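Each chain, written out:
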Amino acid sequence: MKSPRSLRIKPEDVTTVKGLDKLIYKAEEEGVELAWHRFMKQQPQCGFGLLGICCRNCAMGPCRINPFGGEPSRGVCGATADTIVARNLIRMIAAGAAAHSDHARDILYVFRDVAWGRNKAYKITDPEKLKWLAGKLGIKTVGRSIMDVAKDVAAVLEKEFGKQDEEPLALVKALAPRKRLAVWLKAGICPRNIDREIVEIMHRTHMGVDADPVSLIAQGARAALADGWSGSMMATLLSDILFGTPKPVKATANLGVLKEDYVNIIVHGHNPLLSMKIVEAAMSKEMQELARKYGAKGVNVAGMCCTGNEVLMRLGVPIAGSMLMQELAIVTGAVEAIVADYQCIMPALVTVAQCYHTKLITTEKKAKIPGALHIEFDPARADECAREIVRIAIENYQNRVPEKVFIPKEKVELVAGFSVEAILSALGGTLKPLADALRSGVIKGVVGIVGCNNPKVKHTYGHVELTKELIKRDILVVGTGCWAIAAALHGLLTPKAASMAGPGLRKLCAKLGIPPALHMGSCVDCSRMLLLLGMLADELGVDISDLPVAGSAPEWMSEKAVSIGTYFVASGVLVHLGVVPPVLGSEKVTKILTEDLEAIVGARFYVETDPKKAAEYIAEYIEEKRRRLGWPV
Ligand code: SF4
Ligand code: MSK
């Protein structure tokens, strides 16, 4: 069924990625509805929701506040717009922090089972990193077996989710700079227990509990800090220990990485536990031979979203695309299976897959989608599960409909894998050269760009324009998640892209052989940026909030991004948002977020939908920070 003309998309209005126009037309010809179509059908979106002034936290509601100052000015219980907006916002933080931290918990359980010899499917791949972490946690390493050290590390990390005292989290104490820790303790927002901070948000936002927007937002900041400095941090550190710390690696991006005569498998989601095993299984001789038996030339694995970033960073697996490209991957007609773990998997994939031969395979107990094939992933049987899934994909090759296959040719080269260790190694082992380059003005600052795609923004336009404008101004860009994929899709992740940078950054890139925009990993790897910021602040003898740095989420959509933005602000970093958050229904909350936080944590949010204006503002902000440090501007 073709889509009605009124609901057709002009590809040039919705994306800047090459090759997607043909797939969007193909989808429309074949009657496939995409996120952009559904976004159009949602217009106009609910004004109360956009302003954050609807509440359904109890059954006396749902309640809505009149945004024009008239009645109703309060919910049935008397909650004001300030209370409702703050409560809704921090519930978003709770969900985002929960998603990251529950991901960390899954990895921790596997790490713990490896340490105790209960899981033989995984191993310690980076013992040096494990020893470094143990040292930071005050665990003895000398003269001990690596597995004994791992047992102790697992025991400390388990307590991050359940300890019952008021002390800061162990990873916060071990890794956050002293000056920052003092700020959080003074403000009463130092996180104590990951789960507790999330639970406390749910408690405080229950009907009739915390009505004060200031104390609500403070708790939001505390939960976000628990995410950044412990939950996400743990996911990153343990993934590095189990799978290896990323090093610079060359690869390719865009849907052109799919191969016409191969069985194509896309790994989608966030957790590397399964995706790493899928790649391993798919590359095995056994599976490559099986694919040939079914008439294909072999098996090809490509990544989508952040689990894609995980296998890209560690194995150089090509990345097919970012969040808004997941449906288009199926529209190629050349994907035998999309293997999903959790987060950012659109339930719509089932409907799109029904129009082709693609199997959507869900694998996580906590992420089932009606209509998908569910094959439960058990980390203790990881290799078996991965082989079963790859086999299903191979057997599905015979169901491919050749007339429906169209793979755009476009693909771009990239370099990924800039963990903190990789950055240090590019710098010759210490941060001093970067600190010197900043101090002398060779580069003016560093900006971390993160986050998603959102049909409210032309796909990748926000990410790419902002990145280009910043590097042009001699500002080094680092980032994660769907920003990293966007930057890759536009050729910004290669050393050659330094030709677009200002003279200072260009020189630094040439000297170090690095791109002007560095791919630091997946969403949880924003924790790598926190570590880098902390180290840079220590190297320069200042607090993070003094540094000429900023953060940005130009196309954010997920609740995880709200948590990320909040932990960056609470860590002392100005955060730009390119999509307006649902807070404008309360002047007070808007003011707290965009002004008042500065006096407490040394940073705030800044909202601007135009990436060029945002770049200008960020550059001025960085200049001001440099002036205050007495550095040349
Ligand atoms: Fe309405 Fe108050 Fe209940 Fe919210 S908590 S739904 S504002 S009565
Ligand atoms: S995948 S959370 S859309 S970055 Fe991490 Fe992309 Fe945002 Fe998902």
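Above: the structure in question.
A brief look at the structure comes next. (Residues numbered from 1 in each chain as written. Chains lettered and ligands numbered in written order. Predicted model: local features only at pLDDT ≥ 70, side-chain atom pairs only at ≥ 80, totals over all residues. Heavy atoms only, no water.)

### What to know about the overall build of the protein
What the protein contains, in helices and strands, is 26 helices and 16 strands. A globule of 633 residues ought to have a C-alpha radius of gyration of about 26 Å, and the protein, at 24 Å, matches this closely. With respect to the principal axes defined by its C-alpha atoms, the protein has extents near 70 × 65 × 50 Å. When contacts within the protein are restricted to residue pairs at least 6 apart in sequence, long-range pairs at least 24 apart make up 75% of them. Each charge sign in the protein was given a centre, from 79 positive and 69 negative side chains, and these centres are 2 Å apart. (Helix = DSSP H or I, 4+ residues; strand = E, 2+ residues; numbered from the N terminus. Rg over C-alpha atoms; globule rule 2.2 N^0.38 Å. Contact = heavy atoms within 4.5 Å. Lys, Arg positive; Asp, Glu negative; His and termini not counted. Charge placed at Lys NZ, Arg CZ, Asp CG, Glu CD.)

### Examining the layout of surface pockets
Here the largest pocket is characterised by a volume of approximately 960 Å³. The wall of the largest pocket is formed by 31 residues, among which Gln-45, Leu-50, Met-92, Lys-456 and Met-557 lie closest to the centre. Looking at the lining of the largest pocket, the elements with two or more residues in it are α3 (35-41), α4 (47-51), β1 (54-55) and α5 (81-115). For the lining of the largest pocket, the class distribution of residues is 19 nonpolar, eight polar and four charged. Lining of the second largest pocket is provided by 17 residues; of these, Asp-106, Val-110, Phe-377, Asp-378 and Pro-379 occupy positions nearest its centre. At four residues, the largest contribution of residues to the lining of the second largest pocket is made by α5. Taken together, the residues of the lining of the second largest pocket sort by class into six nonpolar, three polar and eight charged. (1 Å grid on protein atoms, 1.4 Å probe; cavity = no way out; pocket = protein on both sides within 12 Å on 5 of 7 lines; lining within 4 Å. Points joined across faces, edges and corners; volume = space filled by probe spheres on them. Nonpolar A, V, L, I, M, F, W, Y, C, P; charged D, E, K, R; others polar.)

### Some remarks on the sheet that holds strand β13 (residues 517-521)
Backbone-to-backbone hydrogen bonds pair the strands of a sheet. The strands run either parallel or antiparallel. One open sheet holds the six strands; their spatial order is β13-β12-β11-β14-β15-β16, and the pairing between them is parallel. In the strand order of this sheet, the two ends are held by β13 and β16 (605-607), each with one partner. Pairwise comparison of adjacent strand axes, ignoring direction, gives a mean angle of 25 degrees for this sheet. Note: strand β11 (residues 445-449) against strand β14 (residues 549-553), four bridges, orientation parallel. Looking across to β14, one finds that Gly-448 is bridged to Gly-551. (Pairing = 2+ DSSP bridges. Axes fitted to C-alpha atoms, helices over the stretch in contact; angles between N-to-C directions.)

### Quick word on the site of ligand 2
Close to ligand 2 lie 13 residues, the nearest being His-270, Cys-344, Cys-452, Cys-482 and Cys-523. Among the secondary structure elements, those contributing two or more residues to the shell around ligand 2 are α14 (305-315) and α21 (481-489). Within the shell around ligand 2, the residues separate by chemical class into eight nonpolar, four polar and one charged. (Near = heavy atom within 4 Å.)

### Quick look at empty space enclosed by the protein
Counted by the stated rule, this structure contains four cavities of 30 Å³ or more. For the largest cavity, the calculated volume is near 280 Å³. Around the largest cavity sit 28 residues that line it, and Val-446, Gly-448, Val-478, Met-529 and Leu-532 are the ones nearest its centre. Among the elements of the structure, α18 (420-426), β11, β12 (475-480), α22 (503-512), α23 (526-540), β14 and α24 (559-570) are those that each provide at least two residues to the lining of the largest cavity. In terms of residue class, the lining of the largest cavity is built from 24 nonpolar, four polar and no charged.

### Things to note about a nonpolar patch on the surface
Residues Met-60, Val-76 and Met-207 make up a contiguous nonpolar surface patch of roughly 270 Å² in combined accessible area. Here Met-207 shows up in the loop between α10 (194-204) and α11 (213-243). Taking relative accessible area as the criterion, Met-207 reaches 32% and is therefore assigned partly exposed. (Patch = residues over 30% accessible without salt bridge, like charges linked within 9 Å, V, L, I, M, F, W, Y side chains within 5 Å. Areas by Shrake-Rupley, 256 points an atom, 1.4 Å probe, with all protein chains shown as cover. Salt bridge = Lys/Arg side-chain N within 4 Å of Asp/Glu carboxyl O. Buried < 20%, exposed > 50% of the residue type's maximum accessible area, 1.4 Å probe, protein only.)

### Thoughts on the pairing of strand β5 (residues 299-304)
With six of six residues buried, β5 lies mostly within the body of the structure. Residue alternation in β5 divides its side chains into two sets, Val-299, Val-301 and Gly-303 and Asn-300, Ala-302 and Met-304, and both sets are buried. For strand β4 (residues 263-268) and β5, the ladder comprises six bridges, and the chain directions are parallel. Residue pairing across strands places Val-263 opposite Val-299, the latter belonging to β5. Pairing of β5 with strand β6 (residues 319-321), which is carried by two bridges, proceeds in the parallel orientation. Paired with Met-304 across the bridge in β6 is Gly-321.

### So, the pattern of salt bridges
In total, this model carries 49 salt bridges according to the counting rule given. A salt bridge links Glu-469 to Lys-472, with the nearest nitrogen and oxygen atoms 3.3 Å apart. Separated by three residues within a single helix, Glu-469 and Lys-472 lie in helix α20 (residues 461-472), roughly one turn from each other. Put simply, Glu-598 and Arg-604 hold a salt bridge, and the shortest N to O gap is 2.8 Å. The exposure class of Glu-598 is partly exposed, given its relative accessible area of 26%. Looking at Arg-604, the relative accessible area reads 15%, which means it is buried.

### Remarks on the site of ligand 1
Residues in contact with ligand 1 amount to 14 residues; listed here are only the nearest, Cys-55, Cys-58, Gly-61, Cys-63 and Cys-77. Looking at the shell around ligand 1 residue by residue, the classes come out as nine nonpolar, three polar and two charged.

### Digging into the packing of aromatic side chains
Describing an aromatic ring pair means giving the distance of the ring centres and the angle of the ring planes. The full count for this structure, using the stated rule, is four aromatic pairs. Seen in terms of ring centroids, Tyr-567 and Phe-568 are 5.3 Å apart; in terms of plane orientation they differ by 35 degrees. Their pairing is tilted. An identical accessibility class is assigned to Tyr-567 and Phe-568; each is buried. The ring of Tyr-262 has Lys-259 lying over it, and the distance from NZ or CZ to the ring centre is 4.7 Å. Lying across the ring of Tyr-122, Lys-277 places its NZ or CZ 4.9 Å from the centre. (Phe/Tyr/Trp six-rings, centres within 6.5 Å; stacked < 30°, edge-to-face > 60°. Lys NZ or Arg CZ within 6 Å of the ring centre and 35° of its normal.)

### What about the packing of α5 against helix α7 (residues 146-159)?
Following both chains from N to C, one finds α5 and α7 inclined at 150 degrees, their axes separated by 8 Å at the closest point. Classified by chirality, the crossing of α7 by α5 is left-handed. Residues Leu-108, Phe-111, Arg-112, Val-114 and Ala-115 of α5 form the contact with α7, whose participating residues are Met-147, Ala-150, Lys-151, Val-153, Ala-154, Leu-157 and Glu-158. Among the residues making up the contact of α5 with α7, the classes are represented as nine nonpolar, no polar and three charged. (Left-handed = near helix turned anticlockwise from the far one by under 90°.)

### A look at the nonpolar core
Ranked by internal contacts, the top residues of the largest apolar core, which has 238 residues, are Phe-111, Val-153, Trp-184, Trp-229 and Phe-568. No other element matches the 17 residues that α5 contributes to this core. In this structure Phe-111 touches Ile-124, Leu-130, Ala-150, Val-153, Ala-154, Leu-238, Ile-241 and Leu-242, once residues within four positions along its chain are discounted. (Core = buried A, V, L, I, M, F, W, Y, C linked by side-chain atoms within 4.5 Å.)

### What to know about the side chain of Asp-525
Counting through the fold element by element, Asp-525 comes out in the loop between β13 and α23. Look past the residues within four positions of Asp-525 in its chain and what remains in contact with it is Thr-236, Glu-310, Thr-480 and Met-520.

### Some words on helix α2 (residues 20-29)
Within α2 the residues assigned to the buried category are Leu-20, Leu-23, Ile-24, Lys-26, Ala-27 and Glu-28. Following α2 by one or two positions, Gly-31 has its phi on the positive side, about 75 degrees.

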